[in-house]
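A structural walkthrough
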Amino acid sequence: MKIVEVNDYQELSKVAAKVVIDLIKAKPNCTLGLATGSSPIGLYQNLIAAYNKKEISFKDIKTYNLDEYCNLDINHSQSYYTFMHENLFNHVDIKEENIHIPVGNGSDLNKLCDEYNELLHKASIDLQVLGIGGNGHIGFNEPGTSFDQETFIVKLTEKTREDNKRFFNSIDEVPTSAITMGIKNIMQAKTILLVASGKSKAEAVKALIKGGVTETFPASVLKNHKDVIVIVDKEAASLL
Ligand code: F6R
C-alpha cells in the first residue's frame, strides 16, 4: 500500500486526479471503477477541468460504480445515478452506454445483483476509486462482510445512515438498504485509489494503516492487494 500524505482536500483532489489522468492518457479506453460521496468530488472536478482543457477525453472510457441505494428512484436528487451525472458524467464526453451503475430499484433485487455481478465479471477494471466510511466500509461493505462477498444487497448500519443523513431532509428519508459491489469485486481491480480527507476519517485511516487485516474493518482487505494508493490529507492522517 502506497501512502501519500498531502496538505488538504484541494491538494488531495489534484494528486488523486493526476493518477486517473495519467491512466487515461496511457490507456484512453480504460475502465474506471467509481465511487460517490464527498471524498471524490474534488477529484471529479479536476477530471472535468482536464477534459475542458482537452487533456483527456472520456469517449472510449467505461465506468462501473460501486453502489446505489435501494428503493430510491434513479432520478431522486440523492440517488448515486444523479450524483454521478451531476458531478462528472454530464460534464464530459462519456457515452451513456458506457456508464454502469447498479440498479437498486426493482421488484427482484437478487436478480439485479446477479445482473450487475455478471457485468463486473466481464469487465476488467483498471482503476477503482474508493472513499472510506468512518467504520471502515468500502462501497457499502459494512464491518463483518466476508472478503469473498460479491455484489449483494446490504442492510445499511445506523452509523452509515447517520453519516449520510446530511444529504437528506431527515434520517427517516435515508434508505435502509443498498446494492453494492462486494469486497471480492473491488479487489479484482488492477489498481485501487483510496482517498480520505478530514478529521472524521482519522480513526479509520489509522485502523487502515496501522491495524491488521480483519473482516471487522473491511478496508483492511486492501493490504492484500498488490497495487493500492491511499491519499490522505493532514487531518485524516492526524492519528498516524
Ligand atoms: C460511495 C461509497 C462509500 C463512500 C464512503 C465515504 O460510493 O461506496 O463507501 O466512499 O461512505 O463517504 P464520504 O466520501 O462521503 O465520506
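What comes next concerns the included structure.

Let's shift gears to the pattern of salt bridges. As enumerated under the stated definition, the model contains ten salt bridges in all. Of the charged contacts, one joins E55 and K53 as a salt bridge, the two residues approaching to 3.9 Å between their closest N and O atoms. Residue E55 is classed as partly exposed on the basis of its relative accessible area of 36%. Taking the shortest distance from any N to any O, the salt bridge between K190 and D126 comes out at 3.0 Å. Residue K190 is found in the loop between α6 (183-187) and β9 (191-196), and its partner D126 is found in the loop between α4 (109-122) and β6 (127-130); the two are separated by 64 residues along the sequence.

Taken together, 14 residues lie around the ligand, and S39, D67, H137, G139 and K201 are the ones closest in. At 2.8 Å, a backbone N or O of S38 approaches an oxygen atom of the ligand. Side-chain polar atom of H137 to an oxygen atom of the ligand: 2.7 Å apart, as the coordinates give it. For the ligand, whose free accessible area comes to 410 Å², the fraction covered by protein is 92%.

Here N65 shows up in strand β3 (residues 62-65). N65 sits in the buried class, given a relative accessible area of 0%. Of note is the side chain of N65, whose polar atom sits 3.3 Å from the backbone oxygen of L34. With near-sequence residues (within four places) excluded, N65 lies in contact with L34, A35, T36, M84, F89, H100, I101, P102, Y116 and M181.

About the cut-offs
- Residues numbered from 1 in each chain as written.
- Predicted model: local features only at pLDDT ≥ 70, side-chain atom pairs only at ≥ 80, totals over all residues.
- Heavy atoms only, no water.
- Salt bridge = Lys/Arg side-chain N within 4 Å of Asp/Glu carboxyl O.
- Buried < 20%, exposed > 50% of the residue type's maximum accessible area, 1.4 Å probe, protein only.
- Helix = DSSP H or I, 4+ residues; strand = E, 2+ residues; numbered from the N terminus.
- Near = heavy atom within 4 Å.
- Polar contact = N/O pair within 3.5 Å; in protein donor to acceptor, adjacent residues only side chain to side chain.
- Areas by Shrake-Rupley, 256 points an atom, 1.4 Å probe, with all protein chains shown as cover.
- Contact = heavy atoms within 4.5 Å.

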